[in-house]
Amino acid sequence: MHIHKYEKIWLIFGVGSLILFLVILAIGAFYKGVHPPSHMDTIDPKNVQENESFKEENLGLRQVGENEYIVNVLSSGFYYDLGKDEDGKAVNTIRIPVGAKVLFQTTSTDVVHGFHIAGTNVNMMVEPGHISTLETIMQKPGTYTLLCNEYCGSGHHYMAATVEVYEP
Amino acid sequence: MMEKHLPIPQKEARLVMAHMYVAFISLLVGGLMGLLQTFVRSGSFDLPFGIGYYQILTAHGVILALVLTTFFIIGFQFALMSKTVGLSDKQRLSAWIGFWTMLIGTLLTASTILTGKANVLYTFYAPLKAFPTFYIGLALVVVGSWIACFTNFRQLAVWKKSHKGEKSPLLAFMVVINMLLWFIATLGVAATVLIQFIPWSLGMVDTINVLVSRTLFWYFGHPLVYFWLLPAYMAWYAIIPKIIGGKIFSDALARLSFVLFLMFSIPVGFHHQLTEPGIDPLWKFIQVVLTFMVIIPSLLTAFSMFATFEMAGRSKGYTSLFGWIKALPWKDVRFFAPVVGMLAFIPAGTGGIINASHQMNQVIHNTIWVTGHFHLTVGTTVILTFFGISYWLIPSLTGRKLTKKINTLGIIQTIVWSAGMFIMSGSMHIAGLLGAPRRSAYSTYTGAEQVDTWIGYQLAQAIGGTILFIGIVLMVYIFFYMVFGAPKGKASFPIAEVSEDAEPTPQYLENWKLWIGITIALILFAYTIPFIDIIQHSPPGSEGFENLIR
Ligand code: HEM
Ligand SMILES: [Cu+2]
Ligand SMILES: [Cu+2]
């Protein structure tokens with residue numbers, strides 16, 4: 001099939017930039033190891049306590065290294081279970097020092113939820129039967145909102161918690 | 001060679017018009033829901049009569065994304081097929097059966113939404129569970145659309161038999177590609193609805209495999225958007241050249257780009273599931289690469305459009321570098337509306353590239369940015385082209401004229417729509433980048449300052465939404481005026497001819513077996529391994545949660 005000369009130039013330029021673009025994505029993904037959250041472990045959604053990370057006493061923020069934290073969260077309609085404080089009250093705010101390495105782990109006990117610390121790249125889907133994880137370094141101090149960004153029912157827009165990133 | 005075009009007899013016009021009535025009534029009802037959503041989200045309005053936000057959002061999504069689009073497209077495509085290859089009495093009967101099946105399905109689903117037992121949004125993600133008639137209605141819509149598919153396939157096959165050795169008319173070729181795409185894509189959603197959702201919602205099985213249902217849904221969900229876009233491209237490629245007094249730049253390239261859209265719009269659903277657990281990131285990446293292949297036919301299309309415009313302008317004697325732009329009929333709404341739609345595709349497509357970029361998706365996933373994005377793609381590019389089509393299609397079917405007054409009103413409508421969308425979609429994009437979630441009623445969340453920064457943009461969305469709704473009222477008025485009010489006369493059904501300079505179309509472009517074979521091979525390549533993986537690593541299934549949607 002004959003293709004017009006200008007169209008050839010246009011296509012070579014376009015396809016060339018496309019290839020360059022995909023190569024950049026691939027370098028990010030396979031050389032730098034930056035993939036979107038894709039954790040493969042499964043769990044029984046009716047019996048999440050079976051899994052060490054989601055036992056009641058392990059929920060919420062835990063320090064695991066000098067500057068390393070794990071945050072285990074149970075997502076369900078319509079709140080994030082971040083464990084209990086000393087008085088036995090449900091925790092709704094977690095505080096993380098700036099620059100710390102944080103591993104978020106969450107799963108759902110009912111329907112599909114979202115897990116987004118708004119304004120950051122901590123953004124993943126939470127599905128019953130699957131564990132979602134994401135490791136990050138919180139770079140900017142501030143008060144962030146952790147919220148559900150996948151529709152989960154009538155109280156969906158109330159499903160939120162607070163994440164404070166502070167200068168130690 | 002000149003193609004012969006057939007007249008559209010009354011009986012066929014009635015068939016097409018039946019689809020159009022449903023489409024434009026949907027536009028009004030769905031648009032009203034959209035307006036109410038922006039009001040609720042502004043924080044200063046509560047819905048009356050115990051109506052829920054997610055109830056109207058479900059209605060908005062279903063009515064506009066599924067009903068309006070499907071009815072308009074199928075109606076329009078029947079008109080194109082009648083015009084180019086003809087419609088026999090038997091085929092017309094089956095077309096009507098398809099129409100009624102879809103309509104009954106629509107009414108069943110809509111009435112379930114009205115009762116508040118299906119507040120699951122138009123994507124109906126399991127394990128939120130709606131009342132069974134919601135899913136049964138949707139299944140009927142799909143089955144009805146399949147009847148239309150096979151009617152269209154039959155139309156072309158019959159024509160081919162009596163035109164041995166001739167290449168099929170361009171528009172008929174395009175319609176058949178789009179219906180093939182639709183048929184192959186809807187197999188996924190039909191599978192999940194028929195095998196998973198309906199038995200589960202009826203209580204015949206206890207649990208549902210969530211990730212399998214989502215994967216089947218998105219196997220359908222992305223080609224769905226190309227099913228909307230391709231009819232717009234039909235108008236761009238084969239009708240607008242006529243309206244501007246030009247010719248089709250290249251028949252072969254037009255067909256090639258449609259074939260490429262067929263091949264590369266299906267094996268890509270994972271780009272909607274990028275942040276989901278349980279799917280191997282390698283396969284996500286592979287589908288991301290396949291996603292970007294549609295850039296090639298998009299580049300072909302962009303080139304063809306501008307080449308057509310320039311050639312038409314130059315043939316009218318404009319010789320300077322950009323002088324030909326002046327030669328275009330900007331005051332003809334049949335040109336103006338779709339061209340504004342085309343321009344909207346520049347930011348819309350750019351946004352799409354961001355969305356599908358493996359890693360960058362995480363920045364915007366499920367934020368209101370995404371809503372801003374598809375109000376540009378389907379809500380502007382596609383819809384404005386559909387409006388542009390209506391200005392000649394409706395009068396030519398009803399035996400009336402597009403009056404000067406309606407032409408002017410149409411131009412005003414286009415401007416109103418673009419202004420409203422610029423404000424609404426623009427503020428959605430910005431708020432999304434700031435983290436504001438989509439599919440959410442008004443909320444201040446935990447009261448953090450951060451959330452305050454979103455509220456102003458939500459107010460702006462209400463302003464944009466109000467302007468848009470004025471646009472909808474205008475358009476619905478124009479539609480009914482063209483049906484009942486406009487003076488009797490003859491409106492033309494513009495179909496362009498191919499430029500004399502264009503190269504002949506190679507035979508292999510009509511090798512259906514080849515294109516369908518490659519399409520299926522690509523789907524099998526992209527899905528077989530990850531799908532088996534998903535099934536083999538399935539967690540225990542989920543029971544339904546009706547309680548959460550009350
Ligand atoms: C008056 C015009 C319109 C207004 C004011 C409007 C407004 C909105 C708003 C505010 C949302 C987001 C709600 C949320 O995420 O909480 C939305 C969602 C949506 N709109 Fe529109 N819209 C309009 C026209 C359209 C058109 C013409 C289409 C398609 C042809 C469309 C398709 C959709 C879809 C598919 C959704 C997503 C629903 C969901 O996420 O479940 N809208 N619309
Ligand atoms: Cu939610
Ligand atoms: Cu897509």
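Owing to the predicted nature of the structure, the values given are computational and were not obtained by experimental measurement.

Undergrad: How would you explain the overall build of chain B if you had to name every residue and give the values?
TA: Looking only at helices and strands, chain B features 16 helices and zero strands. Radius of gyration (C-alpha) of chain B: 23 Å, near the 24 Å computed for a compact globule of 550 residues. Here chain B, with 550 residues, has 65% of them falling under the buried criterion. The contacts in chain B between residues at least 6 apart in sequence include a share of 85% that link residues at least 24 apart. As displayed, chain B has an accessible area near 19,900 Å², and 70% of this comes from carbon and sulfur atoms. A gap of 12 Å separates the mean positions of the 34 positive and 21 negative side-chain charges of chain B.

Undergrad: How would you sum up the overall build of chain A? Please name residues and give values.
TA: Counting secondary structure elements, chain A contains one helix and 10 strands. Along the chain direction, N to C, the helices and strands of chain A fall in the order α-β-β-β-β-β-β-β-β-β-β. Its C-alpha atoms give chain A a radius of gyration of 21 Å, clearly above 15 Å, the size a compact globule of 168 residues would have. Summarising its shape, the C-alpha atoms of chain A cover approximately 75 × 35 × 30 Å along the three principal directions. Each of the 168 residues in chain A was classed as buried or not, and the buried ones make up 51%. Looking at chain A alone, contacts between residues at least 24 apart form 59% of all its contacts between residues at least 6 apart. Within the structure as shown, chain A displays about 7,900 Å² of accessible surface, and the carbon and sulfur contribution to it stands at 54%. Distance between charge centres in chain A, computed from 11 positive and 19 negative side chains, equals 10 Å.

Undergrad: Lay out the coordination of the copper ion (ligand 3) with the relevant residues and their values.
TA: On the protein side, the copper ion (ligand 3) has His-222 of chain B (ND1), His-271 of chain B (NE2) and His-272 of chain B (NE2) as donor atoms, found 1.8 to 2.1 Å from it. Classification of His-271 of chain B as buried rests on a relative accessible area of 8%.

Undergrad: Let's hear about the coordination of the copper ion (ligand 2): which residues, and what values?
TA: All names here are of chain A. The protein atoms that coordinate the copper ion (ligand 2) are Cys-148 (SG), Glu-150 (O), Cys-152 (SG) and His-156 (ND1), at distances spanning 2.0 to 2.6 Å. Here the copper ion (ligand 2) binds four donor atoms, and the angle range of 81 to 125° at the metal identifies the geometry as irregular. Along the chain, the residues donating to the copper ion (ligand 2) fall in the pattern C-x1-E-x1-C-x3-H. The pair formed by Cys-148 and Cys-152 is uniform in burial state, with each residue classed as buried.

Undergrad: Can you lay out the site of ligand 1 for me, pointing to particular residues and giving the numbers?
TA: All names here are of chain B. Close to ligand 1 lie 27 residues, the nearest being Tyr-53, His-60, His-375, Arg-438 and Arg-439. His-60 is positioned such that a nitrogen or oxygen atom in its side chain is 2.7 Å from a nitrogen atom of ligand 1. In the model, a nitrogen atom of ligand 1 is placed 2.8 Å from a nitrogen or oxygen of the His-375 side chain. Counting residues per element, the ones that place at least two in the shell around ligand 1 are helix 1 (10–42), helix 2 (53–84), helix 13 (368–398), helix 14 (404–433) and helix 15 (449–485).

Undergrad: Residue-level account of the interface of chain A and chain B, with values.
TA: Taken together, the contact between chain A and chain B spans 69 residues of the former and 76 residues of the latter. Taken together, both faces of the contact between chain A and chain B bury some 5,700 Å²; the carbon and sulfur share is 67%. The salt bridge partner of Glu-543 of chain B is Lys-46 of chain A, with a shortest N-O separation of 2.9 Å. Summed over the shared surface of chain A and chain B, the number is 26 residue pairs in polar contact (both at pLDDT 80 or more). If you list the elements that add at least two residues to the side of chain A that touches chain B, you get helix 1 (5–31), strand 7 (123–126), strand 8 (132–137), strand 9 (142–147) and strand 10 (160–166) of chain A. It is helix 1 of chain A that provides the largest number of residues to the side of chain A that touches chain B, a total of 14 residues.

Undergrad: An account of a nonpolar patch on the surface is needed here, citing residue identities and associated values.
TA: Among the surface-exposed residues, Ile-19, Val-23, Ile-27 and Tyr-31 of chain A lie close enough to one another that they form a single nonpolar patch of about 440 Å² accessible area. Here Ile-27 of chain A shows up in helix 1.

Undergrad: Explain a positive patch on the surface to me, and be specific about the residues and the numbers.
TA: Residues and elements named next belong to chain B. On the surface, a cluster of positive charge is contributed by Lys-90, Arg-154, Lys-161 and Lys-164. Its place among the elements puts Lys-164 in the loop between helix 4 (132–162) and helix 5 (170–201). A relative accessible area of 68% means that Lys-164 is categorised as exposed.

Undergrad: A description of the sheet that holds strand 6 (residues 113–117) of chain A should follow, citing residues and the corresponding values.
TA: Residues and elements named next belong to chain A. Here five strands make up an open sheet; going across it, the order is 4-10-9-6-7 and the pairing mixed. Strands with a single pairing partner mark the edges of an open sheet, and in this sheet they are strand 4 (93–97) and strand 7. In this sheet, neighbouring strand axes are inclined to one another by 20° on average, regardless of whether the strands run parallel or antiparallel. Sheet topology places strand 6 next to strand 9; two bridges connect them, and they run antiparallel. Pairing of Ile-117 across the sheet is with Leu-146, part of strand 9.

Undergrad: Tell me about empty space enclosed by the protein, and please be specific about residues and values.
TA: Residues and elements named next belong to chain B. According to the stated counting rule, one finds six cavities of 30 Å³ or more in the structure shown. Put simply, the largest cavity is a space of about 210 Å³. Taken together, 16 residues make up the lining of the largest cavity; nearest its centre are Leu-66, Leu-138, Val-142, Val-189 and Phe-220. The set of elements that each furnish at least two residues to the lining of the largest cavity consists of helix 2, helix 4, helix 5 and helix 6 (210–238). Looking at the lining of the largest cavity, its residues break down into 15 nonpolar, one polar and no charged.

The rules we used
Residues numbered from 1 in each chain as written. Chains lettered and ligands numbered in written order. Predicted model: local features only at pLDDT ≥ 70, side-chain atom pairs only at ≥ 80, totals over all residues. Heavy atoms only, no water. Helix = DSSP H or I, 4+ residues; strand = E, 2+ residues; numbered from the N terminus. Rg over C-alpha atoms; globule rule 2.2 N^0.38 Å. Buried < 20%, exposed > 50% of the residue type's maximum accessible area, 1.4 Å probe, protein only. Contact = heavy atoms within 4.5 Å. Areas by Shrake-Rupley, 256 points an atom, 1.4 Å probe, with all protein chains shown as cover. Lys, Arg positive; Asp, Glu negative; His and termini not counted. Charge placed at Lys NZ, Arg CZ, Asp CG, Glu CD. Donors = N, O, S within 2.8 Å, 3.2 Å for Na, K, Ca; no water. Tetrahedral: all angles 85-135°; square planar, octahedral: opposite > 155°, others 65-115°. Near = heavy atom within 4 Å. Polar contact = N/O pair within 3.5 Å; in protein donor to acceptor, adjacent residues only side chain to side chain. Buried area = accessible area lost by both parts, 1.4 Å probe. Salt bridge = Lys/Arg side-chain N within 4 Å of Asp/Glu carboxyl O. Patch = residues over 30% accessible without salt bridge, like charges linked within 9 Å, V, L, I, M, F, W, Y side chains within 5 Å. Pairing = 2+ DSSP bridges. Axes fitted to C-alpha atoms, helices over the stretch in contact; angles between N-to-C directions. 1 Å grid on protein atoms, 1.4 Å probe; cavity = no way out; pocket = protein on both sides within 12 Å on 5 of 7 lines; lining within 4 Å. Points joined across faces, edges and corners; volume = space filled by probe spheres on them. Nonpolar A, V, L, I, M, F, W, Y, C, P; charged D, E, K, R; others polar.

Honestly, that's just the spatial picture; any functional story needs more than this.
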